[in-house]
Amino acid sequence: MPSSPSLCTPPPSAAPSPAARYPIAIIGPGALGLHFAARLAAVGPVAVVARDEAASARLRAGVHVGEASFFADAHPAAAAPAADWVIVLVKAADTAAAACTAMRMQPRGVLSLQNGLTVDTLRAHCSATRVDQGITTEGAFRDEAGVHPSGAGETLVPPGFEAVAAMLAAAGLNTRVEAEIDAARLAKLLVNVAINPLAALHRVPNGALLEPPLRAQLDALVREAWPVLRAEGLALDADAALARVHAVAQATATNRASMLQDVLAGRRTEIDAITGALLAMASCQQRRLPTHEALLQRVHTLEPHPRRSPHFG
């Protein structure tokens, strides 16, 4: 959707100082954002952008990530520093706000590693030279004790983001440049529309979806979604699609899916950016996906009412 002229225009005082330029920054210090930031900080400078000064101060004071305390180099969105590359890891509903913050950071490129399909919104609000969306199957969740990495996955970035891939790889994250990133995004969407809503509804970790009776429901969601995503360019046959979802659920067996984390925390979920994106594709293809339609409505009943205003951090 187009932005209003004022949404992405900072006051002159908000312009970052060239002296404070970072090689990489992360907007969105949720569980996954902090997992990435802590790994990156072990090998070089990384800025973490939170919604305001209070949130930034809490991050600077330290948060437990994995086995160690992480003292983030955190900044409020209104004073986000300049950065060569910006990774966006906010909730889908907060993409436009994060894109505006990223634009003020004067980056060479902005890379989304969010759930759902958010690249069009990101591009509508950010005019950086490179704006694109990759995927990650890294897992992490947050509780009162801190952030818990819960499944080593793979991160794929589009061509043009080789520098980001190199920094993530140096930080020990399994990362590569993927020429067929559109097909890869569809494969990630397939995983998300199957695992996330089901885990949220039943309040179970990902691995539980591979056990009866939930496995039958998981497989039904994959089979119903596959023809739609295949028509959009998914490079997996039906059996391979099922195997991909099973493999991710197994690799992240102890992980709490992001949608489950949102439900447990009483937050708005990303169901509209995940299942909603699939249903929009199905509508354009004049297909009905009754199982996914019903699942979307059931997840909506778990969300806070009225829905909270978007924010990140």
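Before reading on, note that the structure itself is shown above.
So, here's what we can say about the structure. (Residues numbered from 1 in each chain as written. Predicted model: local features only at pLDDT ≥ 70, side-chain atom pairs only at ≥ 80, totals over all residues. Heavy atoms only, no water.)

1. Details of the overall build of the chain
Convention followed: Numbering of helices and strands runs from the N terminus; a helix is a DSSP stretch of H or I covering at least four residues, while a strand is a stretch of E covering at least two. Only C-alpha atoms enter the radius of gyration, while the globule expectation follows 2.2 Å times N to the 0.38, with N the number of residues. Categorising residues by exposure relies on relative accessible area from a 1.4 Å probe, with only protein chains included: less than 20% of the type maximum marks a residue as buried, more than 50% marks it as exposed, and the intermediate range marks it as partly exposed. Residues count as neighbours in contact if any of their non-hydrogen atoms are within 4.5 Å of one another. Using a 1.4 Å probe, the Shrake-Rupley method yields the accessible areas, and only the shown protein chains count as cover for residues. Only four residue types enter the charge count: Lys and Arg as positive, Asp and Glu as negative, with His and the chain ends excluded. The location of each charge is read from NZ of Lys, CZ of Arg, CG of Asp or CD of Glu.
Across its full length, the chain carries eleven helices and 13 strands. In summary, the chain has a C-alpha radius of gyration of 19 Å against a globular reference of 20 Å for 313 residues, a match within 12%. Seen through its principal axes, the chain has C-alpha atoms that stretch 55 × 40 × 40 Å. Taking all 313 residues of the chain together, 54% fall into the buried category. Pairs at least 24 residues apart make up 65% of the contacts formed inside the chain by residues separated by at least 6 positions. For the chain, the exposed area adds up to about 13,100 Å²; of that, 55% sits on carbon and sulfur atoms. Positive and negative side-chain charges in the chain, numbering 27 and 27 respectively, have mean positions lying 3 Å apart.

2. Regarding the pattern of salt bridges
Keep this limit in mind: By salt bridge we mean one thing: a side-chain nitrogen of Lys or Arg within 4 Å of a carboxyl oxygen of Asp or Glu.
As enumerated under the stated definition, the model contains twelve salt bridges in all. The shortest N-O distance in the salt bridge between R176 and E178 comes to 2.5 Å. Here R185 makes a salt bridge to D182, at a shortest N to O gap of 2.4 Å. Here the residue R185 and the residue D182 both occupy positions in helix α6 (residues 181-202), the gap between them amounting to three residues, near one helical turn.

3. A few points about the environment of R203
With respect to the helices, strands and loops of the structure, R203 is situated in the loop between α6 and α7 (214-232). Taking the C-alpha atoms as reference, R203 lies 15 Å from I271; in sequence the two are 68 residues apart. When sequence neighbours within four positions are dropped, the list of residues in contact with R203 reads L260, V263 and L264.

4. Overview of the environment of R230
Relative to the helices and strands, R230 is located in helix α7. A relative accessible area of 39% means that R230 is categorised as partly exposed. Residues R230 and A187, spaced 43 residues apart in sequence, show a C-alpha to C-alpha distance of 9.4 Å. Those residues in contact with R230 that lie beyond four places of it in its chain are A235, L236 and D237.

5. Some remarks on the pairing of strand β2 (residues 47-50)
Quick note on the threshold: Here, strands pair whenever DSSP counts at least two bridges between them. Assignment of crossover handedness uses the view with strands pointing away from the viewer, where a clockwise path from the first strand over the helix to the second indicates a right-handed crossover.
The alternating pattern of β2 places A47 and V49 on one face and V48 and A50 on the opposite face, and all of these are buried. Sheet topology places strand β1 (residues 22-27) next to β2; three bridges connect them, and they run parallel. Opposite I27, over in β2, you have V49 as the bridge partner. Regarding the hand of the β-α-β motif, the stretch spanning β1, helix α1 (residues 31-41) and β2 is right-handed. Where β2 meets strand β5 (residues 73-76), four bridges bridge the pair, whose relative direction is parallel. Following the sheet pairing, A47 is matched in β5 by D73.

6. Topic: helix α8 (residues 238-251)
This is how it is decided: For a helix, the expected span equals 1.5 Å multiplied by the number of residues minus one. Of all possible arcs, the one meant is that of the directions from the helix axis to the C-beta atoms.
Here α8 spans 20 Å end to end across 14 residues, near enough to the 20 Å set by a 1.5 Å rise per residue. The complete set of buried residues in α8 reads A241, L242, V245, H246, V248 and A249. Looking straight down α8, one finds its buried side chains confined to an arc of 160°; they lie on one side. Away from the buried face of α8 by more than 90 degrees, exposed residues D239 and Q250 are located.

7. A closer look at the sheet that holds strand β9 (residues 135-136)
Strand order in the open sheet formed by three strands is β9-β12-β13, with mixed pairing between adjacent strands. Of all strands in the sheet, those bounded by a partner on one side alone are β9 and β13 (175-177). Direction of pairing for β9 relative to strand β12 (residues 155-157): antiparallel, over a ladder of two bridges. The residue bridging T136 from the neighbouring strand is T155, located in β12.

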